[in-house]
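The residues making up each chain are set out below.
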Amino acid sequence: MRFSILTLNPGFFRGALDEGMIRIAREKGLLEVALVPIRDFTDDRYGTTDDYPYGGGAGMVMKAQPILRAYESVRRETPGKPPRTLVTSPQGRTLTQRWARELAEEPEIAVLCGRYKGIDERVIPLLGAEEISIGDYVLSGGEPAAIVILDALARLIPGVLGDAESAEADSFSEPLLDAPVYTRPEDIESRRVPDVLLSGDHERIRIWRRREALRRTWLKRPDLLLGRKLSDEDQSLLDEIKKEEGR
Ligand code: ADE
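The structure displayed is predicted, hence computed values, not measured ones.

Draft legend 1. Quick look at the overall build of the protein chain. Scanning the protein chain for helices and strands turns up seven helices and 10 strands. For 247 residues, the compact-globule formula gives about 18 Å, and the C-alpha radius of gyration of the protein chain, at 23 Å, lies well above that figure. Here the protein chain holds 247 residues, and 42% of them are scored as buried. In the protein chain, once contacts between residues fewer than 6 apart in sequence are set aside, the share between residues at least 24 apart is 74%. The average position of the 37 basic charges and that of the 43 acidic charges among the side chains of the protein chain differ by 1 Å.

Structure follows, in structure tokens:
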């Protein structure tokens, strides 16, 4: 996948691209990230990227032309089918694991990071872009959103995760929250690792993990279970949990 980030603040991404799953995906040659500094595409000697809003009001608006020229430079790099183009915005459709899985199949994505009060509205149709939000809160700029999107996609690109850590077993793939996990030592200030995990009995461990995943989901995110058809095993585990939790 080629992932182009159109940004006023390329320095924001320093470090983030060289860590964790994004680094692994890049090193494996499965992800190429291109930072496109919008300021390089301004046409005055001040590098003006924003201007006052028509009609007045507070805040500055990102100008269209530098963005359109930055986008043209992305198109020149990889002619052919246009990239799937996203604009970060709190008004966008919220990123979900399902949408991330769909986006991870794209060969080319361009993300425009919004800033200031907003972007000249005409940019969105001119780029054929979709607005994307990472949640119901307001960031001061789209850069943190772009890195969240990139991280969520990088680990879903086929071949990035090893078999053992396949994304299929993740929370939200199913969608259920994960069971709790523990590592050494067995005892920390009298809090012990559950015995079953030390038992070596794979079937008991499987059922315990399934029960605890259901318990967590039911306690922390009951919305994920609403309207969901459960297997007979899951249903009887959930019935047990509800009795145990006294709800
Ligand atoms: N820009 C400002 N807030 C945002 C959000 N929640 N998601 C994506 N982009 C944003």
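Read on for the rest.
Draft legend 2. Seen up close, the pattern of salt bridges. Tallied over the full model, the rule gives 20 salt bridges. Note that Arg 215 and Glu 212 form a salt bridge whose closest N and O atoms lie 2.8 Å from each other. Note that Arg 215 and Glu 212 are positioned in helix 6 (residues 202–220) at a spacing of three residues, about one turn of the helix. Among the residues examined, Glu 212 registers a relative accessible area of 12% and is labelled buried. As a salt-bridge pair, Glu 244 and Arg 215 come within 2.8 Å of each other at their nearest N and O atoms. In this pair, Glu 244 sits in helix 7 (residues 232–245) while Arg 215 sits in helix 6, placing the two residues 29 residues apart along the sequence. Glu 244 gets classed as partly exposed once you look at its relative accessible area, which sits at 48%.

Draft legend 3. Helix 2 (residues 64–77), seen in detail. In a regular helix each residue adds 1.5 Å, so 14 residues correspond to 20 Å; helix 2 covers 20 Å between its end C-alpha atoms and thus fits that length. Listed as buried for helix 2 are Ala 64, Pro 66, Ile 67, Ala 70, Tyr 71, Ser 73 and Val 74.

Cut-offs used in this document
Residues numbered from 1 in each chain as written. Predicted model: local features only at pLDDT ≥ 70, side-chain atom pairs only at ≥ 80, totals over all residues. Heavy atoms only, no water. Helix = DSSP H or I, 4+ residues; strand = E, 2+ residues; numbered from the N terminus. Rg over C-alpha atoms; globule rule 2.2 N^0.38 Å. Buried < 20%, exposed > 50% of the residue type's maximum accessible area, 1.4 Å probe, protein only. Contact = heavy atoms within 4.5 Å. Lys, Arg positive; Asp, Glu negative; His and termini not counted. Charge placed at Lys NZ, Arg CZ, Asp CG, Glu CD. Salt bridge = Lys/Arg side-chain N within 4 Å of Asp/Glu carboxyl O. Expected span 1.5 Å × (residues − 1).

These results come straight from atomic positions and should not be treated as a statement about function.
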